[in-house]
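An overview of the molecular structure
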Amino acid sequence: MSTPVITVDVDTTVYDVANIMKDNNIGCVVVVEKDSKPLGIVTERDLVINIVAKNLKPKDVLVRDIMSTKLVTISPTATLMDAAKKMAEKNVKRLPVVEGEKLLGIITVSDIAKISPKILPVKITSNCLGSLISCIVALSTYICSNVTSGYDFATSSTTSLHS
C-alpha cells in the first residue's frame, strides 16, 4: 500500500492534476471532499480519453468533469489475493484503501508486482513492456487462483488465508 495518497478536490483543473501526477511520478490522484472522503479517481487513462483525444484545453476543464466516480475500494485488512481478485473482477489497476469513509492509502498493480516476488519466486528476464504486462497478468491470475497466503495491508505482512 502506498501512502500518503495524493488527493485533489473536484474544482482542481485537469492541467494542475496532470502536473501533480508528473511531479509525483504517479498514475492517478484520488478526488476527495473537503473532509477527505473519497469521491472518485482521475487516472492517466482519464486524461487521454477525456482531454487529449478530444483536443480539450486542460486549463479549461475541472476534475469533476472527467473523474471516474464509480470508485472501487478495498479494506485495509484485505490480503494481496483479495486485492488482485478485486482488480481482476472490476477491471481496475488501482484500489484506494478505505476504512469507513477515511482514505488510508492506495494499492496498485505496481504495488502487487513489487510485493509478489516476496511470495512467489518470479524472475522477469525480458525488457519488453508486452512481456512485463503478460507476466503481471499471469502473476495476478496465479495469485487469485493458487496462492495460499496473502499480503495483509494492515500489518504489511504475509498472512495465511487458511488460519
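See the structure shown above.
Everything in this summary refers to the structure shown in the same document.

**Some details on the overall build of the protein**
Assigned secondary structure in the protein consists of five helices and seven strands. Along its sequence from the N terminus, the protein presents helices and strands in the succession β-α-β-β-α-α-β-β-α-α-β-β. Burial analysis of the protein (163 residues in total) assigns 37% to the buried set. In the protein, the proportion of contacts linking residues at least 24 apart, taken out of those at least 6 apart, comes to 53%. Accessible area of the protein: about 9,700 Å², with a carbon and sulfur share of 52%.

**Thoughts on the environment of Met87**
By the element assignment, Met87 lies in helix α3 (residues 80-90). Taking relative accessible area as the criterion, Met87 reaches 6% and is therefore assigned buried. Taking the C-alpha atoms as reference points, Met87 and Val109, separated by 22 residues in sequence, lie 8.2 Å from one another. Among all residues touching Met87, those that are not within four sequence positions of it are Val92, Lys93, Arg94, Leu95, Ile107, Thr108, Val109 and Ile112.

**Quick word on unusual backbone geometry**
With an omega of -10 degrees, the peptide bond running from Thr3 to Pro4 counts as cis. Its place among the elements puts Pro4 in the segment before β1 (7-8). With a phi angle near 50 degrees, Asn25 is a residue other than glycine that sits in the positive phi range. Looking at the element boundaries, Asn25 is found in the loop between α1 (14-24) and β2 (28-32). Of note, the phi angle at Asn55 is positive, near 55 degrees, even though the residue is not glycine. Examined against the element boundaries, Asn55 turns out to sit in the loop between α2 (44-52) and α3.

**Here we look at the environment of Met21**
Its place among the elements puts Met21 in helix α1. Exposure remark for Met21: the relative accessible area of 5% places this residue in the buried category. In this structure the C-alpha to C-alpha distance between Met21 and Glu44, which are 23 residues apart in sequence, comes to 8.6 Å. Excluding anything up to four places from it in sequence, Met21 contacts Ile26, Gly27, Cys28, Val29, Val42, Thr43, Glu44 and Leu47.

**Topic: the packing of α1 against α2**
α2 packs onto α1 with a crossing angle of 145 degrees between their chain directions and a minimal axis gap of 11 Å. Crossing geometry of α1 relative to α2 is assigned as left-handed. The segment α1 lies against α2, with Val14, Ala18 and Met21 engaging Glu44, Leu47 and Ile51. Per-class residue counts for the contact of α1 with α2 are five nonpolar, no polar and one charged.

Rules of the game
Residues numbered from 1 in each chain as written. Predicted model: local features only at pLDDT ≥ 70, side-chain atom pairs only at ≥ 80, totals over all residues. Heavy atoms only, no water. Helix = DSSP H or I, 4+ residues; strand = E, 2+ residues; numbered from the N terminus. Buried < 20%, exposed > 50% of the residue type's maximum accessible area, 1.4 Å probe, protein only. Contact = heavy atoms within 4.5 Å. Areas by Shrake-Rupley, 256 points an atom, 1.4 Å probe, with all protein chains shown as cover. Axes fitted to C-alpha atoms, helices over the stretch in contact; angles between N-to-C directions. Left-handed = near helix turned anticlockwise from the far one by under 90°. Nonpolar A, V, L, I, M, F, W, Y, C, P; charged D, E, K, R; others polar.

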